[in-house]
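# Structural characterization, general
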Amino acid sequence: MSDTNALIENRPPSVATLFAERVAATPDAEAYRYPVPAAGEGPDDWESLSWGQAAERVYAIAAGLIDLGVRPEERVALASATRVEWILADLGVMCAGGATTTVYPSTNAEESAYILSDSESRVLIAENAAQLAKARERRAELPELSHVVVFDMADVEPDAGDPEGWVVSLADLEARGTAYLDKHPDAVKERIESITADQLATLIYTSGTTGRPKGVRLPHDNWSYMAKAIAATGLITQDDVQYLWLPLAHVFGKVLTSGQIEVGHVTAVDGRIDKIIVNLPVVRPTYMAAVPRIFEKVYNGVAAKARAGGGAKYKIFQWAAALSREYAKAAQDNFRRTGSATVPFGLAAKHKIADALVYSKLREAFGGQLRAAVSGSAALAPDIGYFFAGAGIHILEGYGLTETSAASFVNPGEAYRTGTVGKPLPGTEVRIADDGEIMLRGPGVMEGYHNLPEQTAEVLESDGWLHTGDIGELSADGYLRITDRKKDLIKTSSGKYIAPAEVEGQFKAVCPFVSNILVFGADRNFCTALIALDEPTILGWAKENGLDSSSYADVVASQPVEQLIEGYVKRLNEGLQRWQTIKKFRLLPRDLDVEHGELTPSLKLKRPVVEREYKDLIDEMYAGSREA
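Going along each chain's sequence as written, the residues are numbered from 1 onward. For a predicted model such as this one, the threshold for reporting local features is a pLDDT of at least 70, and the threshold for listing and counting side-chain atom pairs is 80 or more; totals across whole chains, interfaces and linings nevertheless cover every residue. For the side-chain quantities, the full set of heavy atoms in the structure was used; hydrogens and water were omitted.

## Quick notes on the overall build of the chain
Per the secondary structure count, the chain includes 22 helices and 26 strands. A globule of 628 residues ought to have a C-alpha radius of gyration of about 25 Å, and the chain, at 25 Å, matches this closely. Classification of residues uses two cut-offs on accessible area relative to the type maximum, computed with a 1.4 Å probe and protein chains only: under 20% is buried, over 50% is exposed, and between them is partly exposed. In the chain, buried positions account for 55% of the 628 residues. Taking contacts inside the chain between residues at least 6 apart in sequence as the whole, the part at least 24 apart equals 67%. Per the convention used, a helix needs a DSSP run of H or I reaching at least four residues, while a strand needs a run of E reaching at least two, with both numbered from the N terminus. This radius of gyration counts C-alpha atoms alone. The globule rule is 2.2 Å times how many residues there are, raised to the power 0.38. We call two residues in contact when some of their heavy atoms are within 4.5 Å.

## Describing the packing of helix α13 (residues 311–338) against helix α14 (residues 345–365)
Fitted lines through C-alpha atoms give the axes, limited to the stretch in contact for helices. The angle between two N-to-C directions lies from 0 to 180 degrees. Where α13 meets α14, the axes come as close as 10 Å, and the angle between the chain directions of the two elements is 130°. By the angle class used here, α13 and α14 are oblique. Viewed along their axes, α13 and α14 form a crossing whose handedness is left-handed. Across from Ile316, Phe317, Trp319, Ala320, Leu323, Ser324, Glu326, Tyr327 and Ala330 in α13, the residues of α14 making contact are Leu347, Ala348, Lys350, His351, Ile353, Ala354, Leu357, Val358 and Tyr359. In terms of residue class, the contact of α13 with α14 is built from 14 nonpolar, two polar and two charged. Each angle receives one of four descriptions, namely roughly parallel if under 35 degrees, roughly antiparallel if over 145, roughly perpendicular if within 65 to 115, and oblique otherwise. Whether a crossing is left-handed or right-handed is set by the direction in which the near helix is turned from the far one by less than a right angle, anticlockwise for left-handed and clockwise for right-handed. Polar here means any residue outside two lists: the nonpolar Ala, Val, Leu, Ile, Met, Phe, Trp, Tyr, Cys and Pro, and the charged Asp, Glu, Lys and Arg; Gly therefore counts as polar.

## A short note on the pattern of salt bridges
Pairs can form between side chains of opposite charge once their charged atoms are near each other. Note on definitions: salt bridges are taken to be side-chain nitrogens of Lys or Arg within 4 Å of carboxyl oxygens of Asp or Glu. Taken as a whole, this structure holds 37 salt bridges when the rule is applied. Here Glu193 ties to Lys189 by a salt bridge, and the two come within 3.1 Å at their closest N and O atoms. Residue Glu193 and its partner Lys189 are located together in helix α8 (residues 187–194), separated by four residues, close to a single helical turn. Accessibility expressed as a relative area gives 49% for Lys189, which makes it partly exposed. Put simply, Arg481 and Glu473 hold a salt bridge, and the shortest N to O gap is 3.2 Å. Relative accessible area serves as the criterion here: at 33%, Arg481 is assigned to the partly exposed category. Taking relative accessible area as the criterion, Glu473 reaches 42% and is therefore assigned partly exposed. Three or more residues are tied together by salt bridges with common partners; here these are Arg293, Glu296, Lys297, Lys508 and Asp534.

## Overview of the pairing of strand β1 (residues 30–36)
Residues in a regular strand project their side chains so that they alternate between the two faces of the sheet. Pairing of β1 with strand β2 (residues 45–50) involves six bridges; the strand directions are antiparallel. Paired with Val36 across the bridge in β2 is Asp45. Two strands pair when backbone bridges link them, and β1 and strand β11 (residues 266–269) are joined in this way by two bridges, in the parallel orientation. Bridge pairing in β11 links Arg33 to Ala268. Pairs of strands are assigned from DSSP output, requiring at least two bridges between the strands.

## Some thoughts on the nonpolar core
Working definition of a nonpolar core: buried Ala, Val, Leu, Ile, Met, Phe, Trp, Tyr and Cys residues. They are joined through side-chain atoms within 4.5 Å. Membership of the largest hydrophobic core comes to 128 residues, with the highest contact counts inside it found for Tyr32 and Phe388. When residues no more than four places from it in sequence are discounted, the contact partners of Phe388 are Phe295, Val298, Tyr299, Leu362, Phe366, Ile393 and Ile395. Counting residues in hydrophobic clusters, the runner-up holds 30 residues, among them Val514, Ile517, Leu533 and Leu547.

## Focus: the packing of aromatic side chains
What counts as a ring pair is set by centres within 6.5 Å for rings of Phe, Tyr and Trp (its six-membered ring), and what kind of pair is set by the plane angle: stacked under 30 degrees, edge-to-face over 60, tilted for all other angles. If you walk through the whole model with that rule in mind, you get 13 aromatic pairs. Centroid distance Phe19 to Tyr59: 6.0 Å. Interplanar angle 80°. Geometry classified as edge-to-face. Placement of Phe19 in helix α2 (residues 15–25) and of Tyr59 in helix α3 (residues 51–67) is noted, with a sequence separation of 40 residues between them. Judged by relative accessible area, which is 0%, Phe19 ranks as buried. On the basis of relative accessibility, which here comes to 22%, the residue Tyr59 falls in the partly exposed class. Taken together, Phe295, Tyr299, Tyr314, Phe317, Phe366, Phe387 and Phe388 form an aromatic cluster joined through their ring pairs. The positively charged end of Arg139 is found above the aromatic ring belonging to Trp166, 5.1 Å away from the centroid. Charges are assigned to positions over rings by a cutoff of 6 Å between ring centre and Lys NZ or Arg CZ, combined with an angular limit of 35 degrees from the ring normal.

## Here's the deal with the side chain of Ser169
Of note, Ser169 is situated in strand β7 (residues 167–169). Classification of Ser169 as buried rests on a relative accessible area of 12%. When near neighbours in sequence (up to four residues on either side) are disregarded, Ser169 contacts Val149, Val150 and Met153.

Note that all results are geometric; they support no functional claim without further evidence.
As structure tokens, then:
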């Protein structure tokens, strides 16, 4: 343990320093892979950057920003989907001593302008013409914004309203930086060496479920700590290949870049969600991180494919799915007791048959090399976690907040326990408050909210303890289980407390057609639910059952589909306490999405938005009840 503590305590002041050290240590090793669209219909080609090649570009970007006048701690906003240029630009900002303000590419012009204005960003690095257009639309509100650097200049048209030199291509910025380094060869090195641990590195605006987003101030030391703490878990090695698709504007995606720099493994970068299934067999990652929705979609897709293969094939899948859960539970229970994940002989023999029929194909879909997947950002239904675990795809749930630089807990490799988020990272402290709230303290905790001292004081105690707003339980040996968001706990009119997320998670495990579900019941005498179905899966079922000419909205409004989902609700209710059971439900006419503001860009539900939008449906379910 002392070696681990030394690793954490002797961390350098910044990720910029870590990056320079990584480049010096392994300049010729492969750092990044990225897709290059192939001509025609064929699959994308993939190209690589070594650490040395990445450094050339990073330092050129950093020098270009210095030449544009960016000073230490001044903000440079980054509005782009996940791609290798995002990482190079972020490192360039940090190596220039600046601070990156992250902006989701899906953010609308009004909110983008608010973030740029509130952060006082001097430069915007924009992915393409669409992101540039948002800045142009609100330029009058952004007097601090001196330049916009654009990755892809295709479709960027001159605008008479642009100040001279206001729009710069990334290629031009790098050329400018290279020329600057010719004259001032030590400029970037000096900036890196002058960075202090408490200097601002990143402003991440929480997508939040209510109100204006808040800028979370994360100094360089947060990321340096994260890099060392992730390495200290032993979960990743220099031989790993990571597949990185998560939004880098989100803290979960961003923290993965710090861990990679410390360890020095390869990262394949492509944020196109529609390419995940195509990319996995090409990249063949050894680990990847994802949000529960991705695993739910894979599970639903596999179930739908089996069902489409006919009755016999679907029965085999159902048998294999139940067996995988039984196997995973037995293996984890035995590991907890004895340190060995062995299972009874009979169970192992059946598992071997199921592996040949089902599980091996599932692993191949993930590339065949996946040692572990990390799940975070929201709760993964335990039954889905057990399904994948039994199939040989080990999902290590973790937990953290934007306010804690993402990673505070993660399951410890072989000793992982499905349904928990594992143990705290080295250097992170945890305690459970009297009301069940999880409290965290450590080097990953934010400095505070940008320009919001009152809101900071509400969540951050003077002695460093952070109120997470989550409710949880700690086992005797330090595993944390999240039970719900503090503010999402509901109390029925009969005084019973219910954790909606727990009920919702159980429904996702029993119903292969669900995409999103929200449970209601606060101050009511029974619980209800709004359910959105996964469009490809339910349309496939509809086609099999003679409803193939219908649209999605028609399908979910049909009696056969309502009866189908009612059967799953009844199955859910069989495993619930009486006061938790869903007495009524309504199927939504479309799935919830980011575009309509019902999901955050990291795919978390915005409950208040959904409640407002579908208030009539909720009221209809309670019409005639005593509390309605």
